[in-house]
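Architecture and fold: a report
What follows is the residue order along each chain.
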Amino acid sequence: MHETTYHRPTSVDEAAAMFAEGSESKYLAGGHTLIPVMKQRLASPSDLIDLAKIKDLIGIEPNDAGIMIKAATTHYDVANSGAVQKAIPALAHLASLIGDPAVRHRGTIGGSLANNDPAADYPAAVLALGATIKTNKRSISADDFFKSLFATALDDGEIITAVSFPVQAKAGYSKFPHPASRFALAGVFVARTKSGEVRVAVTGASQSGVMRVPAMEAALKVDWSTAALDKVAISTDGLLNDLHGSADYRAHLIKVMAKRALAV
């Protein structure tokens, strides 16, 4: 790794100011992507600004509409939060499936969303639940946040501060993990609001990152059951086709994981 200047700010404003002062600054959350990339010399930030210890970015707060999870909250804390388990059990279940214990104790929800890895778990939950991503500058709806592989609506230097999730009438998540990385070869999050709107989001399978599946949403709006998906055809257009799994295999996994998510 090359030489870099490490910073540990105590507030979001201080972090943003430090970012602006550096010539090529990077925020550090859990570090599971940035540190390996730096080791491979694929990234050379002048300044590393560690967000993990900023108190205002840590915590889980239930509210009338649902639950707010602050950005530096770890996967472990989300998985084991009684408030999350009560409000949106599927979200706690998803967090419990991320990586291994070491990853869950260090990785954060904000870091995962800002990185937007195409096989990460949280993007599926955020998109399916219609969550709102809050930053130090604005609020961004889930539908507007994810742009493409490793790309989001965040401006340079913008910091995710929290994610607000509305409570759903029904929700479930299931994924088929890669046996080594535990990233999703296909992960499906299904959700139905109290008003009857259905959203289905898939991670790990698309060349463009997390995506919704309108055909599944339409079928489940009529009949919230695994049988409703029997006649839904999953197109292979735009699906990943690599050494981990063909596009046909991933299309099959999407359907299987969706049914499992409904049964959770």
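Description of the structure in this document. (Residues numbered from 1 in each chain as written. Predicted model: local features only at pLDDT ≥ 70, side-chain atom pairs only at ≥ 80, totals over all residues. Heavy atoms only, no water.)

Digging into the overall build of the protein chain
In terms of helices and strands, the protein chain carries eleven helices and 14 strands. A compact globule built from 264 residues should have a C-alpha radius of gyration of about 18 Å, and the protein chain, at 18 Å, falls within 12% of that. Considering only C-alpha atoms, the protein chain reaches an extent of 55 × 45 × 30 Å along its principal axes. Burial status across the protein chain gives 52% buried among its 264 residues. Residue pairs in contact within the protein chain that sit at least 24 positions apart in sequence constitute 56% of those at least 6 positions apart. (Helix = DSSP H or I, 4+ residues; strand = E, 2+ residues; numbered from the N terminus. Rg over C-alpha atoms; globule rule 2.2 N^0.38 Å. Buried < 20%, exposed > 50% of the residue type's maximum accessible area, 1.4 Å probe, protein only. Contact = heavy atoms within 4.5 Å.)

Quick word on the environment of Ala-83
Relative to the helices and strands, Ala-83 resides in helix 4 (residues 82-87). The exposure class of Ala-83 is partly exposed, given its relative accessible area of 25%. In the structure, Ala-83 is positioned 17 residues away from Gly-66 in sequence and 9.8 Å away in space, judged by C-alpha atoms. The residues contacting Ala-83, other than those within four sequence positions of it, are Ile-60, Pro-62 and Ile-67.

Some thoughts on the pattern of salt bridges
Under the counting rule described, the total for this entry stands at ten salt bridges. Note that Lys-175 and Asp-121 form a salt bridge whose closest N and O atoms lie 3.1 Å from each other. One end of the pair, Lys-175, is in strand 11 (residues 170-177); the other, Asp-121, is in the loop between helix 7 (109-115) and helix 8 (122-128), and 54 residues separate them in sequence. Residue Lys-175 is classed as buried on the basis of its relative accessible area of 10%. Arg-199 is paired through a salt bridge with Asp-143; the nearest N and O atoms lie 2.7 Å apart. (Salt bridge = Lys/Arg side-chain N within 4 Å of Asp/Glu carboxyl O.)

Details of the sheet that holds strand 14 (residues 211-212)
The four strands lie next to each other as 11-12-13-14, forming an open sheet whose pairing is antiparallel. The two strands at the open ends of the sheet, each matched to only one other strand, are strand 11 and strand 14. With two bridges joining them, strand 13 (residues 198-203) and strand 14 adopt antiparallel strand pairing. Residue pairing across strands places Val-202 opposite Met-211, the latter belonging to strand 14. Each of strand 11 and strand 12 (184-192) touches helix 5 (residues 89-96); the most contacted strand, strand 11, lies at about 15° to it. Sitting on the sheet, helix 10 (residues 214-222) is in contact with strand 12, strand 13 and strand 14, with an inclination near 145° to strand 13. (Pairing = 2+ DSSP bridges. Axes fitted to C-alpha atoms, helices over the stretch in contact; angles between N-to-C directions.)

Observations concerning the pairing of strand 2 (residues 25-28)
Here strand 2 runs beside strand 3 (residues 47-50); their pairing, made up of four bridges, is parallel. When the bridges of strand 3 are listed, Lys-26 appears paired with Leu-48. Handedness of the strand 2-helix 2 (residues 34-39)-strand 3 crossover: right-handed. (Right-handed = clockwise from strand over helix to strand, strands pointing away.)

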